[in-house]
2 protein chains.
Amino acid sequence: MHFSSWLSQLCKSLSRPIGRTTQPIWVSLSRNLVLRSQRKIPEFSSFVARTNTCGELRPSHLGQEVTLCGWIQYRRQNVFLVLRDCHGLVQVIIPQDESAASVKKILCEAPLESVVQISGTVISRPPGQENPKMPTGAIEIKVKTAELLNSSKKLPFEIKDFVKKTEALRLQYRYLDLRSAQMQYNLRLRSQMVMKMREYLCNLHGFVDVETPTLFKRTPGGAKEFLVPSREPGKFYSLPQSPQQFKQLLMIGGLDRYFQVARCYRDEGSRPDRQPEFTQIDIEMSFVDQTGIRNLIEGLLQYSWPSDKDPVVIPFPSMTFAEALASYGTDKPDTRFGMKITDVSEVFRNTESEFLQDALSKPQGTIKAICVQEGAKHLKRKEIESIRKCATDHFNQEVLPIFLKANSNWNSRAARLLVEEQRLELTRIMEAQEDDVVFLTAGEHGKTCSLLGKLRLECADLLEGRGVVLRDPTRFSFLWVVDFPLFLPKEDNPSELESAHHPFTAPHPSDRHLLYTAPEKVRSQHYDLVLNGNEIGGGSIRIHDAELQRYILSTLLKEDVTLLSHLLQALDYGAPPHGGIALGLDRLMCLVTGASSIRDVIAFPKSFRGHDLMSNAPDSVPAEELKPYHIQVSWPTDSEAEKSSLNHSYHPES
Amino acid sequence: MHFSSWLSQLCKSLSRPIGRTTQPIWVSLSRNLVLRSQRKIPEFSSFVARTNTCGELRPSHLGQEVTLCGWIQYRRQNVFLVLRDCHGLVQVIIPQDESAASVKKILCEAPLESVVQISGTVISRPPGQENPKMPTGAIEIKVKTAELLNSSKKLPFEIKDFVKKTEALRLQYRYLDLRSAQMQYNLRLRSQMVMKMREYLCNLHGFVDVETPTLFKRTPGGAKEFLVPSREPGKFYSLPQSPQQFKQLLMIGGLDRYFQVARCYRDEGSRPDRQPEFTQIDIEMSFVDQTGIRNLIEGLLQYSWPSDKDPVVIPFPSMTFAEALASYGTDKPDTRFGMKITDVSEVFRNTESEFLQDALSKPQGTIKAICVQEGAKHLKRKEIESIRKCATDHFNQEVLPIFLKANSNWNSRAARLLVEEQRLELTRIMEAQEDDVVFLTAGEHGKTCSLLGKLRLECADLLEGRGVVLRDPTRFSFLWVVDFPLFLPKEDNPSELESAHHPFTAPHPSDRHLLYTAPEKVRSQHYDLVLNGNEIGGGSIRIHDAELQRYILSTLLKEDVTLLSHLLQALDYGAPPHGGIALGLDRLMCLVTGASSIRDVIAFPKSFRGHDLMSNAPDSVPAEELKPYHIQVSWPTDSEAEKSSLNHSYHPES
């Protein structure tokens, strides 16, 4: 490949949207750098051997003597090479004259990805050889001296985004994968965004950054907590799932406004796109209500939002849990597009269909529908059949597709059930047009909503597969979901209650009286923050009344309160009203960068089986190292081991 | 107690130096607040019910209608009360007229430490009733409305610094202890100082804040690492003692400048003033040398230093390890005072004392001394005897005290060994004056230095007990210690070597050739940062050459390199030269705040036996919760348990 065409391909790949990011990455890194370097802040070359970074050089540097340190990314015909550092690429001219033979030798013999330090002059590229797609494409470096800092063996894969590699390989050689433009961008943006959040919280609003322990004790129902054996026989620390108790205790301790970028731990075994350790922006305030927390978070996200994205518009819209379920079939609606669930029970109230009449007569019985615009044009028969099959298989529900044609010439079994008037009414309610497809289902409210919510997302996937843009990747659609139920029936014993979120959530003030009569009807002061259909945060106003907290824990939830006696006691001693929230930083960064997995915004993630593929953690430990902790391994019997290995085989490593 | 005298006592206690802090704490909190509140940044009352904080109110607020939320700290004769929030105290006038009966009832009946919200007007105190020692002492609040937000039970101790309580009680009720002015000051200052460090690193110098995993695998010799059982039988994660490997891998990954406020874990059993989890400011840079790291850290501390202390003067002085040992008998000299160790071998070279001659004739044999100024005046005979006994007991060394009196009329056994000339020479070398005491000892260089280094600190304690100020608590004396040995003989097998710090430390360039001939003589590129005699940081330039790293690990240290194969492999693929440092944040904050223990700068510390006295962690775990982790408890036999409980009884809880 010719050098110019290689460079052009490289630049194209760097400018190509990666994941859902539409910004060329080195360009974005580089632009930031140059904007800032006019003020020389930050100083990326303070304290070190180089005078400049490779990526920052521009025509304004012409004639300057510079010293650069970086990796040899590419070399062509022993005349040019491309040097890469953390901020980008620059073209270097290898000297050809006799007097510079030693410099030439170093630069020509060093294997690719070797580390070199060069000094030279920034010069213009010859006319016609500029590369406008490369941020440093107007200049090149005429080298005077060169030093090989470290030679490299041949890499297991090339550091170029257009060279595809499996994720397992990337994780095994994570230190090489981190050299990619995409990972550099993701990690730097994460750092910058968290820094802006800190400025907002600490410097603008007087929050105190407090570190809370991660060696703690187990919490009631904390079955997903990692254990840490102590040197006392039979005594274990637990790694907490969140600093929930500590942040409440800090409010009781008068800290007033707390935040922490908190490491949390959750042992969920093998779940895709979850990590055993994760990070949340953890916040708690005294004397605050829901509105206060929501204003705070809207300001926080607006302030910290990356400058290369569209600004965040506030306030965020808000929706009750009931409304989210009814309109989107989920508590985390993707509001970037419509296709809302519509209750069409009234249309069918007087239908002769026994099936529909039967559905309507049951408690919470409804008929609901979604309308897929131009569905008849985009969806194939096979896909519609697969949608119907999915509904039967997973929800035990029948879904009827109704094709709208001109003059309501309907092509559906359902059509036969309707008189002309009903047809017109359905079309009107669904705002349906020719070529749309309506999916209809009948049954219990919650179940039909969940089903249609799922179909809505599936149809969106299918339409986008046909090139219809429903979920604009550059759009960020925030939504508050509020008024969740305080309790849910226990899955394994529906006659008992469990907390919908956690037992410290305060009941909705209007429903407090129901706690003693119909607790299952009580709404909570919990709120979730949703972004593009993903829950990125949740929080609540907490219970600050010791008696109420005891009543909920002991009487309603039947929890063992001894594990929480310190918190209950603390509420007795002048606990202020307080509330807070936690934002899932990994998920948020994943959405902001457009990464396809949270593993792409974490420097050293675990595979979804919880393995570090680079270092091979977790690892065996010699028996004598277990002794001080008074534990021993219970090796599974052969049959158990076999079962477990079978289970694992369902989850091949990433 | 009369109200005015109570207030005056309260203010005195708030203005009193606590630990080594000389700043009145609420005053300092308050002053910061007011300076900033002129710009209204940070806004401490954004998003919440109050309009102002109690502590910020000044005559400039006169006439303003304010809403305050806080704790009832004190009440007098149902006329005044003092309301406290996170920023200080304010005096509130309880209305006495009939029309405000309900407000009066609330404010008079609420128990102390109850939480109330009040609204009212800021008014001047009547002439003569101002309290100049109280930051809000010129004003008071005329209340109009009041609401009881939460009532408090009687506290186990009062929230007043002059009420002394045991540390065990403070830790048990940590959430109450946090309300004290001292803990509020410590935690807020910690947050502010770390924020400034982040600004310096991120915003001024382009560092990237990268979070590294805490669920990792064990490292060679990591006997102090906590274990975390995984769901795979016999496989464990380890909680790392530092992100050392990750930060080096980040440099290999091209991150260029990394920092993290990193949680680290070390299981040291019961050691006073250590915590099982602690925090370090963790830093790593590519293409840097020792000077670069030192300049960076000096700038960092200067930038982040609290404004209520004397500014940090840079550059910090530097001293070799050999020099530190020879002059101060330790690798972490407290350079706030002299009393340096002096080699006086030459004075005694021709002495007739067989004992001294014998000591001088041995390898590394020396005679050394320290001079305690005015020791004869301040030290009691009993104390000198106890010093001598300590030397015999712990160092198996004889120490001779020499009292200088006018005309060298020496009162010591040693004096008898010296001729007049030698006496004068000793006096000259030691710069000794009348009433000074010289402590003299003879033996091997390292041993005599260590002994005298210990005596030096003991004498300083004794002199300070007599009112002599040697170590000014407002002075911060930083020092770099450099040129440590790379290896030390193994304690249990002195014929083998172990790393003096860790095996990734680069050898001193001048000594590299000795690696293959006399490795025990090789100095390293390790550096320690010392503050007032405490090690607050350490780091090194790292090995970036894979072959050298393998040679040191396998050949010299005889380590099992399979546990580090990922790091060794990474060095093969173009590792840049790099180095870094870690600052111990808890220790640093302890010194800055003048706290008597690191537990006073940590929100929820463990007792020195690793217990959380508030929640009672670590705790028992039901056997079925151990099952998923394939472990069981090995209960000690009765005799082992007895031994262990005996051991514990030597360490009563805090």
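The shown structure was predicted, so the numbers you read here are calculated from the model rather than taken from an experiment.

Cut-offs applied
- Residues numbered from 1 in each chain as written.
- Chains lettered and ligands numbered in written order.
- Predicted model: local features only at pLDDT ≥ 70, side-chain atom pairs only at ≥ 80, totals over all residues.
- Heavy atoms only, no water.
- Helix = DSSP H or I, 4+ residues; strand = E, 2+ residues; numbered from the N terminus.
- Contact = heavy atoms within 4.5 Å.
- Areas by Shrake-Rupley, 256 points an atom, 1.4 Å probe, with all protein chains shown as cover.
- Buried area = accessible area lost by both parts, 1.4 Å probe.
- Salt bridge = Lys/Arg side-chain N within 4 Å of Asp/Glu carboxyl O.
- Polar contact = N/O pair within 3.5 Å; in protein donor to acceptor, adjacent residues only side chain to side chain.
- Nonpolar A, V, L, I, M, F, W, Y, C, P; charged D, E, K, R; others polar.
- Pairing = 2+ DSSP bridges.
- Core = buried A, V, L, I, M, F, W, Y, C linked by side-chain atoms within 4.5 Å.
- Buried < 20%, exposed > 50% of the residue type's maximum accessible area, 1.4 Å probe, protein only.
- 1 Å grid on protein atoms, 1.4 Å probe; cavity = no way out; pocket = protein on both sides within 12 Å on 5 of 7 lines; lining within 4 Å.
- Points joined across faces, edges and corners; volume = space filled by probe spheres on them.
- Phe/Tyr/Trp six-rings, centres within 6.5 Å; stacked < 30°, edge-to-face > 60°.
- Lys NZ or Arg CZ within 6 Å of the ring centre and 35° of its normal.
- pLDDT = per-residue confidence, 0-100.

1. A look at the overall build of chain A
- Summing up its helical and strand segments, chain A has 20 helices and 23 strands in all.
- A sequence separation of at least 24 residues applies to 68% of the contacts in chain A between residues at least 6 apart.
- Just so you have it, chain A exposes about 26,600 Å², and 50% of that area is on carbon and sulfur atoms.

2. Remarks on the interface of chain B and chain A
- Of the residues lining the interface, 135 residues belong to chain B; the matching set on chain A comes to 135 residues.
- Both faces combined, the contact of chain B with chain A buries some 11,800 Å², and carbon together with sulfur accounts for 59% of it.
- Three residues stand out in chain B for area buried against chain A, namely Phe47(B), Phe287(B) and Tyr573(B), and they jointly supply 7% of the buried area on that side.
- Counting across the chain B and chain A interface gives 14 salt bridges.
- Between chain B and chain A we count 79 residue pairs in polar contact (both at pLDDT 80 or more) in total.
- For the side of chain B that touches chain A, the element with the most residues is helix α6 (residues 181-204) of chain B, which contributes 12 residues.
- Tallied by class, residues from the side of chain B that touches chain A come to 70 nonpolar, 36 polar and 29 charged.

3. Re the sheet that holds strand β12 (residues 342-343) of chain B
All names here are of chain B.
- Reading across the sheet, the 4 strands line up as β12-β13-β15-β14 and stay open at both edges, with antiparallel pairing between neighbours. Taken across any chain shown, the strands that pair with only one partner, and hence form the sheet edges, are β12 and β14 (399-403).
- With 8 bridges connecting them, strand β13 (residues 365-372) and strand β15 (residues 437-444) associate as antiparallel partners. When the bridges of β15 are listed, Ala 369 appears paired with Leu 440.

4. Quick look at the nonpolar core
- Within the largest apolar cluster, 158 residues are counted, with the highest numbers of intra-cluster contacts made by Ile297(A) and Ile297(B).
- With 11 residues, helix α6 (residues 181-204) of chain A is the largest single contributor of residues to this core.
- Setting aside its immediate chain neighbours within four residues, Ile297(A) contacts Ile283(A), Trp480(A), Leu529(A), Ile581(A) and Leu583(A).
- One finds Ile252(A), Leu564(A), Ala575(A) and Leu176(B) within the second-largest nonpolar core, a separate group that totals 32 residues.

5. Overview of the environment of Pro135(B)
- Note that Pro135(B) resides in the loop between β4 (115-124) and β5 (139-150).
- Residues Pro135(B) and Gly88(B), 47 residues apart in the sequence, show an inter-C-alpha distance of 8.2 Å.

6. Some thoughts on the sheet that holds strand β8 (residues 235-238) of chain B
- Pairing within the open sheet is antiparallel, and its 3 strands lie in the order β22(A)-β8(B)-β7(B). Every interior strand has two partners, whereas the edge strands, β22 (619-620) of chain A together with β7 (227-229) of chain B, have only one.
- Two elements, β7(B) and β8(B), share 3 bridges in a ladder whose sense is antiparallel. Counterpart to Val228(B) in the pairing with β8(B) is Tyr237(B).

7. Some details on empty space enclosed by the protein
- Counted by the stated rule, this structure contains 12 cavities of 30 Å³ or more.
- By volume, the largest cavity is sized at about 520 Å³.
- Taken together, 37 residues make up the lining of the largest cavity; nearest its centre are Val261(A), Arg263(A), Val261(B), Ala262(B) and Arg263(B).
- When contributions to the lining of the largest cavity are tallied by element, the ones reaching two or more residues are α6 and β9 (257-265) of chain A together with α6 and β9 (257-265) of chain B.
- Residue composition of the lining of the largest cavity, by class: 17 nonpolar, 10 polar and 10 charged.

8. Let's talk about the packing of aromatic side chains
- This model, assessed by the stated rule, comprises 30 aromatic pairs over all chains.
- Measuring from ring centre to ring centre gives 4.8 Å for Phe604(A) and Phe246(B), while their planes differ by 50°; the resulting arrangement is tilted. With Phe604(A) in the loop between α18 (585-593) and β22 and Phe246(B) in helix α7 (residues 244-252), this pair bridges two chains. Just as Phe604(A) is buried, Phe246(B) falls in that class too.
- For the pair Trp480(B) and Tyr527(B), a centre-to-centre distance of 6.3 Å together with 85° between the ring planes defines the contact as edge-to-face. Remark: Tyr527(B) occurs in strand β19 (residues 526-531) and Trp480(B) occurs in strand β16 (residues 478-482); sequence separation between them is 47 residues.
- A relative accessible area of 0% means that Tyr527(B) is categorised as buried.
- Linked through ring pairs, Trp305(A), Phe316(A), Phe476(A), Phe478(A), Trp480(A) and Tyr527(A) together constitute an aromatic cluster.
- The lysine or arginine in question, Arg456(A), covers the ring of Phe337(A), its NZ or CZ lying 3.9 Å from the ring centre.
- Over the ring of Tyr303(B) we find Lys196(B), and its NZ or CZ is 4.5 Å from the ring centre.

9. Looking at helix α7 (residues 244-252) of chain A
- Summarising burial for α7(A): 9 of the 9 residues are buried, a large majority.
- Residues of α7(A) that are buried: Gln244(A), Gln245(A), Phe246(A), Lys247(A), Gln248(A), Leu249(A), Leu250(A), Met251(A) and Ile252(A).
- Against β9, β10 (277-286), α17 (565-572) and β21 (578-584) of chain A together with β1 (65-76) and α5 (174-177) of chain B lie the buried residues of α7(A).
- Backbone geometry just downstream of α7(A) places Gly254(A) in the positive-phi region, at approximately 80°.

10. A short note on the confidence of the model for chain A
Residues and elements named next belong to chain A.
- Per-residue confidence for chain A gives a mean pLDDT of 89, with 89% of residues at or over 70.
- In this model, residues 1-23 is a region of pLDDT below 50 whose contacts with residues beyond four sequence positions or in other chains number 53 contacts.
- Throughout residues 646-654 the model reports pLDDT below 50, and contacts reaching past four residues in sequence, or to other chains, amount to 16 contacts.

11. Observations concerning unusual backbone geometry
- Cis geometry is adopted by the peptide bond preceding Pro618(A), which originates at Ala617(A) and carries an omega value of -5°.
- Within the secondary structure, Pro618(A) sits in the loop between α18 and β22.
- Backbone torsion omega between Ile314(B) and Pro315(B) reads -5°, so that peptide bond is classified as cis.
- Summarising the element assignment, Pro315(B) is placed in the loop between α8 (290-304) and β11 (318-320).
- A positive phi angle, near 70°, is found at Phe47(A), a position not held by glycine.
- Secondary-structure assignment places Phe47(A) in the loop between α2 (25-37) and β1 (65-76).
- Assessed through its relative accessible area of 21%, Phe47(A) is described here as partly exposed.

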